[in-house]
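Residues per chain are reported as follows:
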Amino acid sequence: MPGLINPKNGFNYTYKKLNPDKQSLVEWLEKELDLPVYIINDTQATILGEHQFGLAKGMENVLSVNMDWGGESVLGLF
């Protein structure tokens with residue numbers, strides 16, 4: 001999910017409309033889907049996906065740069 005995400009409480013602080021009725025998106029989705037839900041930032045999800053399944057699989061240190069409107073970067077140390 002893009003934006004400033006707090007993975008501990010499930011709130012998106014950039015896109016506040018994604019938090020229905022002052023409830024975290026995680027709580028809402030878990031209630032609707034009856035499944036556990038975890039939300040992290042899209043750039044963090046990219047590096048985790050690359051480390052588990054992509055070109056970074058098995059590597060110890062990985063740098064991922066997401067060239068988007070925020071110009072985010074993540075350094076993954078595994």
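Here, the structure is the one placed above.
Not measured: the values here are computed from a predicted model.

Asks: How would you sum up unusual backbone geometry? Please name residues and give values.
Replies: Positive phi, normally seen in glycine, also occurs at Asp 34, with a value near 55 degrees. Within the secondary structure, Asp 34 is located in the loop between α1 (25–33) and α2 (42–53). We classify Asp 34 as exposed; its relative accessible area is 68%.

Asks: Explain the nonpolar core to me, using residue names and the numbers behind them.
Replies: Counting 5 residues, the largest nonpolar core is built from Ile 5, Leu 25, Val 26, Val 37 and Ile 39. Aside from chain neighbours lying at most four places away, what touches Val 26 is Gly 10, Val 37 and Ile 39.

Asks: Please set out the environment of Thr 46 residue by residue, giving values where relevant.
Replies: The topology assignment puts Thr 46 in helix α2. Note on Thr 46: relative accessible area 38%, which makes it partly exposed. For the pair Thr 46 and Ser 64, spaced 18 residues apart in sequence, the C-alpha separation works out to 7.8 Å.

Asks: I'd like to hear about the packing of aromatic side chains, residue by residue, with values.
Replies: Enumeration over the complete set of coordinates arrives at 1 aromatic pair. Centroid distance Phe 11 to Tyr 13: 6.3 Å. Interplanar angle 25 degrees. Geometry classified as stacked. Look at Phe 11 and you get partly exposed, because its relative accessible area is 21%. Assessed through its relative accessible area of 40%, Tyr 13 is described here as partly exposed.

Asks: Hey, could you go over the side chain of His 51 for me, with residue numbers and the actual values?
Replies: Relative to the helices and strands, His 51 resides in helix α2. In terms of polar contacts, His 51 uses its side chain to reach the backbone carbonyl oxygen of Met 59, at 3.4 Å.

Asks: So what's going on with the environment of Leu 4? Residues and values would help.
Replies: Note that Leu 4 resides in the segment before β1 (5–6). Leu 4 sits in the exposed class, given a relative accessible area of 54%. Separated by 11 residues in sequence, Leu 4 and Tyr 15 have C-alpha atoms that sit 8.2 Å apart. When residues no more than four places from it in sequence are discounted, the contact partners of Leu 4 are Phe 11, Asn 12, Tyr 13 and Thr 14.

Asks: Go over α2, please, and point to the residues and values.
Replies: With 12 residues, α2 extends 16 Å from end C-alpha to end C-alpha; this agrees with the ideal 16 Å at 1.5 Å per step. Among the residues of α2, Thr 43, Ile 47 and His 51 are the ones counted as buried. Projected down its long axis, α2 shows its buried positions confined to an angular sector of 75 degrees, all on one face.

Conventions used here
- Residue positions are given per chain, counting from 1 as you read along its sequence in written order.
- Per-residue local features are limited, in this predicted model, to residues with pLDDT of at least 70; the limit for side-chain atom pairs, both in listing and counting, is 80 or more; totals at the level of whole chains, interfaces and linings are taken over all residues.
- Heavy atoms throughout the structure, all of them, feed into the side-chain values; hydrogens and water do not.
- Secondary structure counts use DSSP, requiring at least four H or I residues in a row for a helix and at least two E residues in a row for a strand, with both numbered from the N terminus.
- Exposed residues in this analysis have more than 50% of their type's maximum accessible area, buried residues have under 20%, and partly exposed residues fall in between, with area computed by a 1.4 Å probe over protein chains only.
- Buried Ala, Val, Leu, Ile, Met, Phe, Trp, Tyr and Cys residues that are joined via side-chain atoms within 4.5 Å together make up what is termed a nonpolar core.
- Residues count as neighbours in contact if any of their non-hydrogen atoms are within 4.5 Å of one another.
- Classification of ring pairs uses Phe, Tyr and Trp, with its six-membered ring standing for Trp, and accepts pairs whose centres are within 6.5 Å; under 30 degrees between planes counts as stacked, over 60 as edge-to-face, and the remaining range as tilted.
- Definition of a polar contact: a pair of N or O atoms within 3.5 Å, with one able to donate and the other able to accept a hydrogen when the atoms are protein atoms, and with sequence-neighbouring residues admitted only if both atoms are side-chain atoms.
- Expected span, for any helix, means 1.5 Å times one less than how many residues it has.
- What the arc covers is the set of directions going from the helix axis to the C-beta atoms.

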